[in-house]
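# Topology and contacts: notes
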Amino acid sequence: MNQKGKLVIITGPSGVGKGTIVKSLLAKNPQIFLSISATTRLPRKGEIDGKDYYFLSRLQFEEMINKGELLEWAQYAGNYYGTPIKPVLEKIEQGKTIILEIEVLGANQIKNNFSSATRIFILPPSIEELEKRLRERNTDTEEVIIKRLNKAKEELAVSEEFDYQIINDNLDLAITEIEEKINNVI
Ligand code: 5GP
């Protein structure tokens, strides 16, 4: 029988460690793939177009929205972010597992148009720790950090609506817990 693949959503506030968690999951599980998002945000130092994100102009992004080429999209801290639909459907058709590392509004859209998706929310040990991590990351201006922290507070308020909540205090423990949840659905 041709078994269909699974869609796993990893969400949580900016700075909570989603990127690190996802990298480790991919390294350990060759059957898991990561969806590459489109964004209008400028590349950070070291980020590569087509690998980290598809970096687009606002016009290009809006064209993708209008053509129905995005599975979900949202505005976040002044920029557009969205998931190109085609690679996701292809992987699922091939029986693979695909992870979307996205923010909360996008994750909610997935709930509406892809009800079988498993949605995992990553929590920081505390809001103070999250602020510390955002500052230590040293990638954003003060203005952007404040925007991201305000957004984080809104996001944390709806974490209970997700299928699973995992606290990223000890990274290895968090990864093991997430693997357990994902393996249940693979
Ligand atoms: P960053 O600018 O730090 O790379 O990402 C900002 C936020 O946008 C993060 O919470 C990240 O998970 C989220 N994000 C990245 N790609 C997508 C996407 O395709 N769709 C949505 N809705 N959010 C995304």
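So, how was this worked out
Residues numbered from 1 in each chain as written. Predicted model: local features only at pLDDT ≥ 70, side-chain atom pairs only at ≥ 80, totals over all residues. Heavy atoms only, no water. Helix = DSSP H or I, 4+ residues; strand = E, 2+ residues; numbered from the N terminus. Rg over C-alpha atoms; globule rule 2.2 N^0.38 Å. Buried < 20%, exposed > 50% of the residue type's maximum accessible area, 1.4 Å probe, protein only. Contact = heavy atoms within 4.5 Å. Areas by Shrake-Rupley, 256 points an atom, 1.4 Å probe, with all protein chains shown as cover. Lys, Arg positive; Asp, Glu negative; His and termini not counted. Charge placed at Lys NZ, Arg CZ, Asp CG, Glu CD. 1 Å grid on protein atoms, 1.4 Å probe; cavity = no way out; pocket = protein on both sides within 12 Å on 5 of 7 lines; lining within 4 Å. Points joined across faces, edges and corners; volume = space filled by probe spheres on them. Near = heavy atom within 4 Å. Polar contact = N/O pair within 3.5 Å; in protein donor to acceptor, adjacent residues only side chain to side chain. Sits in = over half its atoms within 2 Å of the grid points. Nonpolar A, V, L, I, M, F, W, Y, C, P; charged D, E, K, R; others polar. Core = buried A, V, L, I, M, F, W, Y, C linked by side-chain atoms within 4.5 Å. Axes fitted to C-alpha atoms, helices over the stretch in contact; angles between N-to-C directions. Parallel < 35°, antiparallel > 145°, perpendicular 65-115°, else oblique. Left-handed = near helix turned anticlockwise from the far one by under 90°.

### Things to note about the overall build of the chain
A tally of regular secondary structure across the chain gives seven helices and nine strands. Taking 2.2 N^0.38 as the reference for a compact globule, 186 residues should give roughly 16 Å; the C-alpha atoms of the chain span a radius of gyration of 16 Å, in line with that estimate. Viewed in the frame of its principal axes, the chain has a C-alpha envelope of about 50 × 40 × 30 Å. A total of 186 residues make up the chain; the buried ones form 43% of that total. The long-range share in the chain, meaning contacts at least 24 apart out of those at least 6 apart in sequence, stands at 66%. Approximately 10,000 Å² of the chain is accessible, and the part contributed by carbon and sulfur atoms is 51%. Taking the average location of the 25 positive side-chain charges in the chain and that of its 28 negative ones, the two points are 3 Å from each other.

### So, the layout of surface pockets
Estimates place the volume of the largest pocket at around 1,100 Å³. Lining the largest pocket are 36 residues, with Gly19, Arg44, Glu47, Tyr53 and Glu101 positioned closest to its centre. Those elements that provide at least two residues to the lining of the largest pocket are α1 (18–28), β5 (70–76), β6 (79–84), α5 (127–137) and α6 (142–156).

### Observations regarding the site of the ligand
Taken together, 16 residues sit near the ligand, with Ser37, Arg41, Tyr53, Tyr81 and Glu103 positioned nearest. Contact distances for the ligand include 2.9 Å between an oxygen atom and a side-chain N or O atom of Lys18. Here the ligand loses 96% of its free accessible area of 510 Å² to cover by the protein chains. Mapping the ligand onto the cavity grids shows that it belongs to the largest pocket. Listed by contribution, the elements that provide at least two residues to the shell around the ligand are β5 and β6. For the shell around the ligand, the class distribution of residues is five nonpolar, four polar and seven charged.

### Describing the nonpolar core
If you look at the biggest cluster of nonpolar residues, it comprises 20 residues, and the most contacted ones within it are Ile10, Leu25, Ile99, Ile120, Ile122, Ile178 and Ile182. Elements with a contribution of two residues or more to this core: β1 (6–11), α1, β8 (118–123), α5, α6 and α7 (171–185). In contact with Ile178, not counting residues within four places along its chain, are Ile10, Ile21, Leu25, Ile120, Ile122 and Ile166. Among the nonpolar cores identified, the runner-up in size contains 16 residues, and Val88, Ile92, Ile102 and Ile110 belong to it.

### Examining the packing of α5 against α6
Between two packed helices, the angle of one axis relative to the other and the distance separating the axes together describe the packing. Packing of α5 against α6 brings their axes to within 11 Å, and their N-to-C directions diverge by 150°. On the basis of their axis angle, the class for α5 and α6 is roughly antiparallel. Note on packing geometry: the crossing formed by α5 with α6 is right-handed. Side by side, α5 and α6 meet where Ile127, Leu130, Glu131, Leu134, Arg135 and Arg137 of the first sit next to Glu142, Ile145, Arg148, Leu149, Ala152, Lys153 and Leu156 of the second. Looking at the contact of α5 with α6 residue by residue, the class counts come to seven nonpolar, no polar and six charged.

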